[in-house]
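Spelled out from the first residue to the last, the chains are:
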Amino acid sequence: MGRSIGVITIGQTPRVDMIPAIKSFLPEDIVIIEKGVLDGKSEEEILTLAPEHGQTKLISRLRDGGSAVMAKEKILPVVQELIDDLNAANVSLIIIACTGKFPLFKSKVPIVYPDHLLNHVAKGLIHDGLIGVVVPLPEQADQIIYKWKDADFLAIPAASSPYSYQEETLIEAVKQLDLFPIKAIILDCMGYTEEMKKLVQEHTSKPVILSRNIIYGVTGEIL
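Residues numbered from 1 in each chain as written. Predicted model: local features only at pLDDT ≥ 70, side-chain atom pairs only at ≥ 80, totals over all residues. Heavy atoms only, no water.

On to the sheet that holds strand β2 (residues 31-36). Strand order in the open sheet formed by 4 strands is β2-β1-β5-β6, with parallel pairing between adjacent strands. One side of each edge strand has no neighbouring strand; the edge strands of this open sheet are β2 and β6 (111-112). By the bridge criterion, 6 bridges tie strand β1 (residues 4-9) to β2 in an arrangement that is parallel. The partner of V7 across the bridge, within β2, is E34. (Pairing = 2+ DSSP bridges. Helix = DSSP H or I, 4+ residues; strand = E, 2+ residues; numbered from the N terminus.)

Here it is as structure tokens:
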């Protein structure tokens, strides 16, 4: 077996919507080991992870193509367990396949944090100011504004889920954002695809940043 990396999704594996795309950014000898926070969990167990008042909402893909919403605070111990498992499997690095804001986990191997990478790339490209941010859920608006404020951006959110995907909803989100003098549109979820980015580009003259491509590209550079 060649070198391996771990990919942790906060949903269920296999991520057929994600893993084929990442392979094109990686060396051919890389083996991908997928781990899912919701793997092996029943519908009832998944429901216990639902956000309660004041908790941070995250959304991810289920194996059947549906999606589940969970509280970041409730899944942190599970993520650490999966990181421990991947360390034991001697992977070269680990990707947290979610653009949400996470604390630093314990790991002997490097962990790629999409939130950190995305913020710094945006800083390098746009510097500061007003940006449009597409997120899966309307309820994520406040946390997205707060997250991007940490990077000196004023974020205007619009919602369109990549998991219950409808082209019309994404187009409408872009039209809403284009009403403001934004510098760019950021698709702030690992579930958004290259096809979705192209659709957004067809309906705006602003630069469009697909978060997953930033993460995959940087990962490929350090392997």
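What follows is about the sheet that holds strand β9 (residues 185-187). Spatially, the 4 strands line up as an open sheet ordered β8-β7-β9-β10, and their pairing is parallel. Of all strands in the sheet, those bounded by a partner on one side alone are β8 (153-159) and β10 (208-210). Taking each pair of neighbouring strands and ignoring which way they run, the sheet shows an average axis angle of 25°. Sitting on the sheet, helix α8 (residues 211-221) is in contact with β9 and β10, with an inclination near 55° to β10. (Axes fitted to C-alpha atoms, helices over the stretch in contact; angles between N-to-C directions. Contact = heavy atoms within 4.5 Å.)

A few words now on the side chain of T204. For T204, the location among the structural elements is in the loop between α7 (194-202) and β10. Here D178 takes part through its side chain, which lies 3.0 Å from a polar atom of the side chain of T204. (Polar contact = N/O pair within 3.5 Å; in protein donor to acceptor, adjacent residues only side chain to side chain.)

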